[in-house]
Amino acid sequence: QVQLVESGGGLVQAGGSLRLSCAVSGRTFNTYTLGWFRQAPGEEREFLAGLTSTGGITCTSYGDSVKARFTISKDGATTAVVLQMNSLKPEDTAVYYCAAGSRLTSAEAGYNYWGRGTQVTVSS
């Protein structure tokens, strides 16, 4: 069974940083592509970052709005996928979701499993 549980959200001032973590069930961690999305009220779900590992090689992809500010990585010790968010802006306020899928893509439809989300609020 695929399980994804996000944590690390909260309230931060503009310019600050947050580290989101997504606990991933064991088999999923090494089998699936892992990604982060967010959804603000009244907006569509937006791709932030994705990571896939094949044969010891890790590939990542980022959405244009967060490139150079956000970093996705895997924590093998805890089987978690981490999203480090720096230089946060009020427009980064949203619910952040972890997802697992079969290929590295920015398309929401490419991910079959989703966590319940964690709220991130950036104050000005």
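Calculation criteria
Residues numbered from 1 in each chain as written. Predicted model: local features only at pLDDT ≥ 70, side-chain atom pairs only at ≥ 80, totals over all residues. Heavy atoms only, no water. Pairing = 2+ DSSP bridges. Helix = DSSP H or I, 4+ residues; strand = E, 2+ residues; numbered from the N terminus. Axes fitted to C-alpha atoms, helices over the stretch in contact; angles between N-to-C directions. Core = buried A, V, L, I, M, F, W, Y, C linked by side-chain atoms within 4.5 Å. Buried < 20%, exposed > 50% of the residue type's maximum accessible area, 1.4 Å probe, protein only. Contact = heavy atoms within 4.5 Å. Polar contact = N/O pair within 3.5 Å; in protein donor to acceptor, adjacent residues only side chain to side chain. Disulfide = S-S within 2.5 Å.

Asks: I'm lost on the sheet that holds strand β8 (residues 80-85) in this one. Help?
Replies: Backbone-to-backbone hydrogen bonds join strands into a sheet, with any given pair of strands oriented parallel or antiparallel. The strand order β1-β3-β8-β7 describes an open sheet built from four strands, whose pairing is antiparallel. Here the strands that pair on one side only, and so sit at the sheet edges, are β1 (4-7) and β7 (70-75). On average, each strand axis in the sheet is inclined to that of its neighbour by 20°, with strand direction left out of account. In the sheet, strand β3 (residues 18-24) pairs with β8 via six bridges, with the strands oriented antiparallel. Bridge pairing in β8 places Leu 18 opposite Met 85.

Asks: Can you walk me through unusual backbone geometry in this structure?
Replies: Keep in mind that most residues, glycine aside, have a negative phi and that most peptide bonds are trans. Even without being glycine, Thr 79 reaches a positive phi, approximately 45°. Within the secondary structure, Thr 79 is located in the loop between β7 and β8. Of note, the phi angle at Ser 87 is positive, near 50°, even though the residue is not glycine. Mapped onto the fold, Ser 87 is located in the loop between β8 and β9 (94-101).

Asks: Sorry, what's going on with the nonpolar core here?
Replies: One broad rule of soluble globular proteins: the nonpolar side chains tend to lie buried together. Ranked by size, the top nonpolar core spans 26 residues in total, and within it Trp 36, Phe 70, Val 81, Leu 83, Met 85 and Tyr 96 carry the most contacts. Only β3, β4 (33-39), β5 (46-54), β7, β8, β9 and β11 (118-123) provide two or more residues apiece to this core. Ignoring anything within four residues of it in the chain, the contact list for Val 81 reads Leu 20, Ser 21, Cys 22, Val 24, Phe 29, Leu 34, Trp 36, Ile 72, Ser 73, Lys 74 and Cys 98.

Asks: When you look at the side chain of Thr 118 in this model, what are you seeing that I'm missing?
Replies: Relative to the helices and strands, Thr 118 is located in strand β11. Separated by 3.3 Å, the side chain of Thr 118 and the backbone nitrogen of Gly 9 make a polar contact. Residues within four places of Thr 118 in sequence aside, it is in contact with Glu 6, Ser 7, Gly 8, Gly 9, Leu 20, Ala 94, Val 95 and Tyr 96.

Asks: How do you make sense of the state of the cysteines when you look at a structure like this?
Replies: By definition, a disulfide is the covalent link that joins the sulfur atoms of two cysteine residues. As enumerated under the stated definition, the model contains one disulfide in all. Between Cys 22 and Cys 98 runs a disulfide, and the two sulfur atoms are separated by 2.2 Å. Handedness here is read from the sign of the S-S torsion; for Cys 22 and Cys 98, about -85°, the answer is left-handed. Placement of Cys 22 in strand β3 and of Cys 98 in strand β9 is noted, with a sequence separation of 76 residues between them. Between Cys 59, a cysteine without a disulfide, and Cys 98, which holds the nearest cysteine sulfur, the sulfur-to-sulfur distance is 18 Å. The class for Cys 59 is partly exposed, based on a relative accessible area of 38%.

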